[in-house]
Amino acid sequence: MANNKKIKSALISVFHKERVDEIVTKLEKASVKIYSTGGTQKFIESLGVAVTPVEELTSYPSILGGRVKTLHPKVFGGILARRDNEGDIEQLGSYEIPEIDLVVVDLYPFEDTVASGASHADIIEKIDIGGIALIRAAAKNYKDVIIVPSRNEYDNLIDILDNYNAESTLEQREAFAVKAFATSSNYDTAIFNYFDKGESSLFRAAFNNSTALRYGENPHQKGFFYGDFDDMFEKLHGKEISYNNLLDIDAAVALIDEYNETTFAILKHNNACGCASREKLIDAWKDALAGDPVSAFGGILITNKDIDADTAAHINKLFFEVIIAPGYDEDALELLKSKKNRIILVRKEINLPRAQYRSVLNGVLYQERDVIKEQASDLKPVTSVIPGADKVEDLLFANRLVKQSKSNTIVLAKNKQLLASGVGETSRVDALKHAIEKAESFGFDLKGAVMSSDAFFPFADCVEIAHGVGIDCVIQPGGSIRDQDSIDYCNDHNMAMVVTGTRHFKH
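I will try to describe carefully the structure that is included in this document.

What about the pattern of salt bridges?
Should their charged atoms come close, side chains of opposite charge can pair. Overall, the coordinates contain 18 salt bridges when judged by the stated rule. The salt bridge involving arginine 19 is made with aspartate 155; its shortest N-O contact spans 2.7 Å. Of this pair, arginine 19 sits in the loop between β2 (9-14) and α1 (20-29) while aspartate 155 sits in helix α9 (residues 154-163); the two residues are 136 residues apart in sequence, bridging distant segments of the chain. Taking relative accessible area as the criterion, arginine 19 reaches 30% and is therefore assigned partly exposed. Here lysine 416 ties to glutamate 261 by a salt bridge, and the two come within 3.1 Å at their closest N and O atoms. Placement of lysine 416 in the loop between β19 (410-414) and β20 (417-422) and of glutamate 261 in the loop between α12 (243-256) and β11 (263-268) is noted, with a sequence separation of 155 residues between them.

Some remarks on the sheet that holds strand β6 (residues 146-148)
As summarised here, the arrangement of the 5 strands in space is β4-β3-β2-β5-β6, forming an open sheet in which the pairing is parallel. A strand with exactly one partner marks an edge of an open sheet, and here the two such strands are β4 (52-53) and β6. Relative to β4, strand β3 (residues 33-36) runs parallel, the two being bridged by 2 bridges. Counterpart to tyrosine 35 in the pairing with β4 is threonine 52.

Observations concerning the packing of aromatic side chains
Scanning all chains against the criterion turns up 11 aromatic pairs. Between phenylalanine 15 and tyrosine 108 the ring centres are 6.0 Å apart and the planes differ by 75 degrees, which places this aromatic pair in the edge-to-face class. Of the two residues, phenylalanine 15 sits in the loop between β2 and α1 while tyrosine 108 sits in the loop between β5 (102-106) and α6 (110-115), which places them 93 residues apart along the sequence. Through a chain of ring-to-ring contacts, three or more aromatic side chains come together here, namely Phe110, Tyr187, Tyr194 and Phe195. Above the ring of phenylalanine 192, the side-chain terminus of arginine 204 is found at 5.8 Å from the ring centroid.

Brief notes about α9
Tyr154, Leu157, Ile158, Ile160 and Leu161 are the residues of α9 that are buried. Along the axis of α9, the buried residues cluster in a sector spanning 155 degrees; they form a single face. For α9, the secondary structure elements touched by its buried residues are β2, α1, β5, β6, β7 (167-168) and α10 (170-196). Asparagine 165, located one to two residues past α9, shows a positive phi value of around 55 degrees.

Describing the side chain of asparagine 304
Residue position: asparagine 304 is located in the loop between β13 (299-303) and α14 (309-315). Within polar-contact distance, the side chain of asparagine 304 engages the backbone oxygen of tyrosine 259 at 3.4 Å. Here threonine 263 takes part through its backbone nitrogen, which lies 3.1 Å from a polar atom of the side chain of asparagine 304. When near neighbours in sequence (up to four residues on either side) are disregarded, asparagine 304 contacts Ile256, Tyr259, Asn260, Glu261, Thr262, Thr263 and Pro326.

Let's talk about the layout of surface pockets
Looking at the second largest pocket, its volume works out to about 660 Å³. In this structure, the second largest pocket is lined by 20 residues; those nearest its centre are Ser150, Asn152, Thr183, Asn186 and Asn208. Secondary-structure elements contributing two or more residues to the lining of the second largest pocket are α6 and α10. At 5 residues, α10 tops the list of elements feeding residues into the lining of the second largest pocket. Classifying every residue of the lining of the second largest pocket gives 8 nonpolar, 6 polar and 6 charged.

Digging into the nonpolar core
In this structure, Leu27, Ile79, Leu102 and Val103 are the most contacted members of the largest nonpolar core, which totals 51 residues. Setting aside residues up to four positions removed in sequence, valine 103 forms contacts with Leu11, Ile79, Leu134, Ala138, Val145, Ile146, Ile147 and Val148.

Re a negative patch on the surface
A surface patch of like charges, here negative, comprises Asp306, Asp329, Glu330, Asp331 and Glu334. On the secondary structure map, aspartate 331 appears in helix α15 (residues 330-336). Judged by relative accessible area, which is 52%, aspartate 331 ranks as exposed.

What about the pairing of strand β22 (residues 473-476)?
Side-chain alternation along β22 places Cys473 and Ile475 on one buried face and Val474 and Gln476 on a second face that is also buried. By the bridge criterion, 3 bridges tie strand β21 (residues 450-453) to β22 in an arrangement that is parallel. Looking at β22, one finds that serine 452 is bridged to isoleucine 475. Note: β22 against strand β23 (residues 496-499), 4 bridges, orientation parallel. Each bridged residue has a counterpart across the sheet, and for isoleucine 475 the counterpart in β23 is valine 498. Once the chain exits β22 it traverses helix α19 (residues 483-492) before rejoining the sheet at β23, and the crossover so formed is right-handed.

Comments concerning the side chain of glutamine 404
Position of glutamine 404 relative to the elements: it lies in the loop between α16 (389-403) and β19. A relative accessible area of 10% places glutamine 404 in the buried class. Of the polar contacts made by the side chain of glutamine 404, one reaches the side chain of glutamate 258; its length is 2.9 Å. Dropping the residues within four chain positions of it, glutamine 404 is found in contact with Ala254, Leu255, Glu258, Asn270, Asn271 and Lys506.

Procedures and definitions
- Each chain has its residues counted from 1, following the order in which its sequence is written.
- Two thresholds apply to this predicted model, a pLDDT of at least 70 for residue-level local features and 80 or more for giving and counting side-chain atom pairs, whereas whole-chain, interface and lining totals are computed over all residues.
- Excluding hydrogens and water, the side-chain figures rest on all heavy atoms present in the structure.
- Every case where a carboxyl oxygen of Asp or Glu lies within 4 Å of a side-chain nitrogen of Lys or Arg is listed as a salt bridge.
- Put simply, DSSP marks the helices as runs of H or I at least four residues long and the strands as runs of E at least two long, and each gets a number from the N terminus on.
- Remark: exposure states derive from per-residue accessible area (1.4 Å probe, protein chains only) relative to the maximum for the residue type, with buried under 20%, exposed over 50%, and partly exposed in between.
- Two strands are said to pair when DSSP picks up at least two bridges between them.
- Aromatic contacts are taken between Phe, Tyr and Trp rings whose centres are within 6.5 Å, Trp giving its six-membered ring; a plane angle under 30 degrees counts as stacked, one over 60 as edge-to-face, and the others as tilted.
- Two conditions define a charge sitting above a ring: the NZ of Lys or the CZ of Arg must be within 6 Å of the ring centre, and it must be within 35 degrees of the ring normal.
- To obtain the arc, one takes the directions from the helix axis to the C-beta atoms.
- Note on contacts: a residue pair qualifies if any of its non-hydrogen atoms lie within 4.5 Å across the two residues.
- Under the rule applied, a polar contact is a pair of N or O atoms within 3.5 Å (in protein, one hydrogen donor and one hydrogen acceptor; residues adjacent in sequence only if both atoms are side-chain atoms).
- Put plainly, a pocket is an open set of points on a 1 Å grid over the protein atoms alone with protein on both sides within 12 Å along at least five of seven lines, a cavity is a set where a 1.4 Å probe fits but cannot get out, and a lining residue has an atom within 4 Å of a point.
- Grid points are joined across faces, edges and corners, and a volume is the space filled by probe spheres set on the points.
- Residues are sorted three ways: Asp, Glu, Lys and Arg are charged, Ala, Val, Leu, Ile, Met, Phe, Trp, Tyr, Cys and Pro are nonpolar, and all the rest, Gly among them, are polar.
- The nonpolar core is taken to be a set of buried Ala, Val, Leu, Ile, Met, Phe, Trp, Tyr and Cys residues, with the residues joined through side-chain atoms within 4.5 Å.
- Residues qualify for a patch when their relative accessible area is over 30% and they have no salt bridge, like charges being joined within 9 Å and the nonpolar side chains of Val, Leu, Ile, Met, Phe, Trp and Tyr within 5 Å.
- The Shrake-Rupley method, run with a 1.4 Å probe sphere, supplies the accessible areas, and residue values consider only the shown protein chains as cover.
- For the purpose of counting charges, residues Lys and Arg are taken to be positive, whereas Asp and Glu are taken to be negative. His and the chain ends are not included.
- Where a charge lies is defined by one atom per residue type: Lys uses NZ, Arg uses CZ, Asp uses CG and Glu uses CD.
- Place the viewer so that the strands point away; then a crossover is right-handed whenever the path from the first strand over the helix to the second strand goes clockwise.

Note that all results are geometric; they support no functional claim without further evidence.
Below you can see the structure in the form of structure tokens.
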């Protein structure tokens, strides 16, 4: 076909040499003339494959300690020349510039060097200049040139060499160009973010993995996930993970990370509908489920301990979408796999990123992840009644739940068990009323329970309502100009209140 191009010449400049032997052997077999420089050239020569040094082409040596190797018109002219442009071809002839049909590049490992803790000077030296220029030039001229911008694309090149007689279509070359500009943009993003030193002076983010989802939040919306899911989880079983599953999984991981002791949580639409901390995992599961066995149907389950067979037998009675744990006993896993669509995930030892982004209007919001985790020493009693050690544990348990629930939110807890919560309400009073109604509907006795709020009480009405059902201890951030009204009410009714000084809004 007219748009097909035969590879007759290639320029190879790579940092990592893995699989280069496979490529150059196939190029030699296809009678492709190979140009190279530096360590890549020496590696190809060691294979006994003919290679022309770039210095021989340009009549200039590698200079400035290797900083300048391929930056020369005789290199870039051969890449950028338009094969259907008579003027370009005439100039190639005038200046004795050979056409270059294939460019293979593997950039200096800038991100790996930063991650290694290397010195600033070493990091600077791993900013690739010539490689990036080669990638952009070859991608720009994709109508005539194949650009292989990273080791990730070697298989696609080898496919062309093996199955298409070293001849590419326009569609194939354009696909390589898309990957090339993705590679160069990711590389520049990493360099910018290094120099920006976390100041977020401009928004730059890049992800190299893309997964098409069945749909977005609703079937009529297209959805994608950009990121490496496999870096955080090992999927052992189940159907394809959806957009909504991912939102719930993110919320579940953020919640379980609040707890160090054995804890089980059940989430629905990003909010906990059940949560309990216990010495034994099976007890944590039973008490988490008791918090709201109705909402648990079709939910997301997560724990911070390996799941044993006994616990799995009880879990297996419930229909759920996803279960997440650090590991599973063999018998437990076999039992949980009995439902083919259940998504079973093993969470790996990796933390959530500190940065959070959200698209808003015609821009992006950025914030640091809320990583404050209040301890007993952070609680400031503001009433004459001081909560005892057991109450403090309940207050901290409830406060961690309220932090990971949608505002406005009120959490009611007792003996490190979520009794009920009111989430996403337009008023704090409605959130409390909803939580009370829910707790009572499942038969919980609220006498001696604690109440946690994600923000301060603008009036004393919430503590009044809480006292009316037997709640005797409250935790809140404080900061209202009417804090004293709530404090006075607590003092008058023998209630304890502590403030944390930290608000935990979540939208």
